[in-house]
Amino acid sequence: QVQLVESGGGLVQPGGSLRLSCAASGSFFRVNTMGWYRQAPGKQRELVAVMTSGGSANYADSVKGRFTIARDNNKRTVYLVMTNLKPEDTAVYYCNVVDQVTRGDYWGKGTLVTVSA
C-alpha cells in the first residue's frame, strides 16, 4: 500500500512563496514519476509539474519560471517550490506517484493553497 502525505499548503498573499512537500511510503519501484497536480473550484484537475526518477521535469505553461519541482529519491519525497504566486494558483494541490514498472497510480489527499490579499 502506497501512501502519500502532502504538507506545506496555506494562505499566502499574491507575489508570495510556498513550498509543498510530499512524502511517500509503501512499496513501489524506483523507476517512477512523482509530481503535482491541482484542482481549482469548479475546474478539472490539471498537471502542475512532474519529475521522473531520472530527473526529467515537465511543467504546465502557466507555472513555468515560477514553480520548481525537486525530488529526493533516498527520502522518496517530492517538493514543489512556488514563487510569485497569483490568485489563479489557488487550488487543492495533489501529490501523485506513477510506478513505471507496475503502472500503479497513487494520489495524496491534497493540500489547499490559497493566494489572496
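Description of the structure in this document.

What follows concerns the overall build of the protein chain. Within the protein chain, the secondary structure is distributed over 0 helices and 11 strands. Radius of gyration (C-alpha) of the protein chain: 14 Å, near the 13 Å computed for a compact globule of 117 residues. On the principal axes, the C-alpha backbone points of the protein chain span a range of 45 × 25 × 25 Å. Across the 117 residues that make up the protein chain, the buried fraction comes to 42%. Residue pairs at least 24 apart in sequence account for 53% of intrachain contacts in the protein chain once pairs closer than 6 positions are excluded. Of the roughly 6300 Å² that the protein chain leaves accessible, carbon and sulfur atoms contribute 49%. The centroid of the 13 positive side-chain charges in the protein chain is displaced by 4 Å from the centroid of its 8 negative side-chain charges.

With that settled, the discussion passes to unusual backbone geometry. Here the phi dihedral of Arg 76 falls at roughly 55 degrees; this positive angle occurs in a residue that is not glycine. Note on Arg 76: relative accessible area 27%, which makes it partly exposed. Positive phi is not limited to glycine here, since Arg 103 has a value of about 65 degrees. Tracing the sequence through the fold places Arg 103 in the loop between β9 (91–99) and β10 (105–107).

As for its placement among the helices and strands, Asp 89 is situated in the loop between β8 (77–82) and β9. You can call Asp 89 buried: its relative accessible area is 0%. Side chain to side chain, Asp 89 and Arg 38 meet in a polar contact 3.0 Å long. Setting aside its immediate chain neighbours within four residues, Asp 89 contacts Arg 38, Arg 66, Phe 67, Asn 84, Val 113 and Val 115.

If you trace the 4 strands from one edge of the open sheet to the other, you get β1-β3-β8-β7, paired in antiparallel fashion. Every other strand in the sheet has two partners, leaving β1 (3–7) and β7 (67–72) as the edge strands with one partner each. When the angles between neighbouring strand axes are averaged without regard to direction, this sheet yields 15 degrees. Pairing analysis gives 6 bridges linking β7 to β8, with the strands arranged antiparallel. The residue of β8 that forms the bridge with Ile 69 is Leu 80.

The rules behind the values
Per-chain numbering applies: the sequence of each chain, read as written, is numbered from 1 onward. With the structure being a predicted model, the display of local features is reserved for residues of pLDDT at least 70 and the display and counting of side-chain atom pairs for 80 or more, all residues being used for whole-chain, interface and lining totals. Side-chain metrics in this entry use all non-hydrogen atoms of the structure; hydrogen atoms and water are not considered. A helix here means a DSSP run of H or I that spans at least four residues, while a strand means a run of E at least two residues long, and both kinds are numbered starting from the N terminus. Taken over C-alpha atoms, the radius of gyration is set against a globule rule of 2.2 Å times the number of residues to the power 0.38. Only protein chains enter the accessibility calculation, which uses a 1.4 Å probe; a residue whose area is less than 20% of its type maximum is buried, one above 50% is exposed, and one in between is partly exposed. In this description, contact between two residues means that some pair of their heavy atoms is separated by no more than 4.5 Å. Where accessible areas are quoted, they stem from the Shrake-Rupley method and a 1.4 Å probe; at the residue level, only the protein chains shown are allowed to cover. For the purpose of charge, His is not counted, nor are the chain termini; Lys and Arg are scored as positive and Asp and Glu as negative. Taken as the charge location is NZ of Lys, CZ of Arg, CG of Asp or CD of Glu. Each polar contact in these results corresponds to two N or O atoms within 3.5 Å; when the atoms are within protein, one needs to be able to donate a hydrogen and the other to accept it, and residues that are neighboring in sequence are counted only if both atoms are side-chain atoms. Here the rule is simple: two strands pair whenever DSSP picks up at least two bridges between them. Axis geometry follows a simple rule: fit a line to the C-alpha atoms, using only the stretch in contact for helices, then measure angles between N-to-C directions, giving values from 0 to 180 degrees.

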